[in-house]
Amino acid sequence: MNNAQITAKGDAFVMNTYKRIPVAFVKGEGSWLWDADGNKYLDFLSGLAVNCLGYNHPVMVKAISEQAAKVMHTSNLYWVGPQVELAEVLVKQSGLGKAFFCNSGAEANESAIKLARKYAKAKMGEDKYGIITFTSSFHGRTLATLAATGQTKYQKGFEPLPEGFGYAKYGDLEDLEGKITNNTCAVMLEPIQGEGGINVPTAEFLKGVRDLCDKKGLLLIFDEVQCGIGRTGKFFAHQNFGVKPDILTLAKSLAGGFPIGAMVASDEVAEGFGPGDHASTFGGSHLACSTALAVVNHILQDNIMEHNAKMGAYLMGKFKELKEKYSFIKEVRGMGLMIGIQLEADGNWVLDQCQKEGLIINCVGGNGLRLLPPDIITKEEANLAVGILDSVLAKL
Ligand SMILES: *Cc1c(COP(=O)(O)O)cnc(C)c1O
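The present account deals with the structure reproduced in this document. Note that the structure is a prediction, hence the values are computed from the model and not measured.

1. A look at the environment of Val14
And then number 1: Along the polypeptide, Val14 turns up in the loop between α1 (3-13) and β1 (25-29).
And then number 2: When near neighbours in sequence (up to four residues on either side) are disregarded, Val14 contacts Lys9 and Arg20.

Here it is in structure tokens:
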């Protein structure tokens, strides 16, 4: 099947939940993708911050094929070796206490919300259930994580949503303090917002949130589903700001493209869950965890984070040069390989033109470009992407 045939069949049989681009990728190698018509693309999207090691990476291929040949899944009624190994790595890297595994970002956040409530109700009283999140946040599509997401456009039509969520202005400590009520038990936020357009807060803001949580006896939940696992130059994005959460959620890059989600909490908070309180049939399987373990160990042992910080700074510098050249570029922001370019122009047109020139990027909010290249991107590939973007922007 070619792109058009796959598109036609998709329109006929797949639910219309995405405004899909009529291209189907059939092969990948490193930072490159090929579509069903044989066109080649440089990938600055990484499957939405998922394919951190690019495509067909030998470390992942080896881990998946070796584990698949042994055992893929046995249920969580028994111990899963690769799961306890992965838990140890995530606990040691975060300085927290215990990990729980599931299959996606929304599930990781759902489990964080449930743990925060269970812990708070037992330790602080039955009326402690409220969670404050932030404007332009994104926490997932299940009903509770949709309620946690501070963007009404995603919530419309799904009411009534679960109760107990309040929204403060991202970056505004005073607003946060004003939103805290007697029912509040936790504050939940992305240390760097992704879906909301790559918003990097100040360290003062994140430190202020931590201090406020300590002062008011609230749990701090960091959603690092998109910004975690080395992308920002540190293993966890919050390590760039020197602020530690009580609960941390991970997914996207964790197994480099194999579905997995994780929720890590301090020992004290993790005690909120006992047997039967929360579970996931597929969560933390041998296959998912051995893949994640291979990816994470590779990132930790191969100077990948240093590379991401350097390459991110290099790309940001190049995009800031473009900003000097084109007045319709309003802002270039980001950290490591998580970069947003705010335009006063149609971002979807730019995306479309870049794709025609062989560069895959993402558009957020109509006017923003989101760039999430894989960790393995080289300087030559970075220069190629900058050149394509420059030639497209020159046409505006
Ligand atoms: C993508 C994302 C989610 C949702 O993850 P899914 O795997 O799609 O459920 C949650 N939080 C953040 C910050 C995300 O970027």
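2. Here we look at the layout of surface pockets
And then number 1: Reported here for the second largest pocket is a volume of approximately 900 Å³.
And then number 2: If you go around the second largest pocket, you meet 28 residues; those closest to its centre are Trp79, Gln83, Ala99, Phe100 and Phe101.
And then number 3: For the lining of the second largest pocket, the secondary-structure elements that each account for two or more residues are α4 (81-94), β4 (98-102) and β10 (261-265).
And then number 4: Looking at the lining of the second largest pocket residue by residue, the classes come out as 17 nonpolar, ten polar and one charged.

3. Looking at the site of the ligand
And then number 1: In the vicinity of the ligand, the contacting residues are Ser104, Gly105, Ala106, Asn109, Phe138, His139, Glu190, Asp223, Val225, Gln226 and Lys252.
And then number 2: One of the backbone N or O atoms of Ala106 is found 2.7 Å from an oxygen atom in the ligand.
And then number 3: Within the backbone of Phe138, a nitrogen or oxygen atom sits 3.1 Å from a nitrogen atom of the ligand.
And then number 4: Compared with its free state, where it exposes 380 Å², the ligand has 81% of that area covered by protein.
And then number 5: The biggest single contributor to the shell around the ligand is helix α5 (residues 105-124), with three residues.
And then number 6: The residue makeup of the shell around the ligand, split by class, is three nonpolar, five polar and three charged.

4. What to know about the sheet that holds strand β13 (residues 359-360)
And then number 1: Taken in spatial order, the four strands make up an open sheet running β1-β2-β3-β13, and their pairing is mixed. Only two strands of the sheet have a single partner each, and these edge strands are β1 and β13.
And then number 2: With four bridges joining them, β1 and strand β2 (residues 32-35) adopt antiparallel strand pairing. Bridge pairing in β2 places Glu29 opposite Trp32.

Scoring rules and cut-offs
Residues numbered from 1 in each chain as written. Predicted model: local features only at pLDDT ≥ 70, side-chain atom pairs only at ≥ 80, totals over all residues. Heavy atoms only, no water. Helix = DSSP H or I, 4+ residues; strand = E, 2+ residues; numbered from the N terminus. Contact = heavy atoms within 4.5 Å. 1 Å grid on protein atoms, 1.4 Å probe; cavity = no way out; pocket = protein on both sides within 12 Å on 5 of 7 lines; lining within 4 Å. Points joined across faces, edges and corners; volume = space filled by probe spheres on them. Nonpolar A, V, L, I, M, F, W, Y, C, P; charged D, E, K, R; others polar. Near = heavy atom within 4 Å. Polar contact = N/O pair within 3.5 Å; in protein donor to acceptor, adjacent residues only side chain to side chain. Areas by Shrake-Rupley, 256 points an atom, 1.4 Å probe, with all protein chains shown as cover. Pairing = 2+ DSSP bridges.

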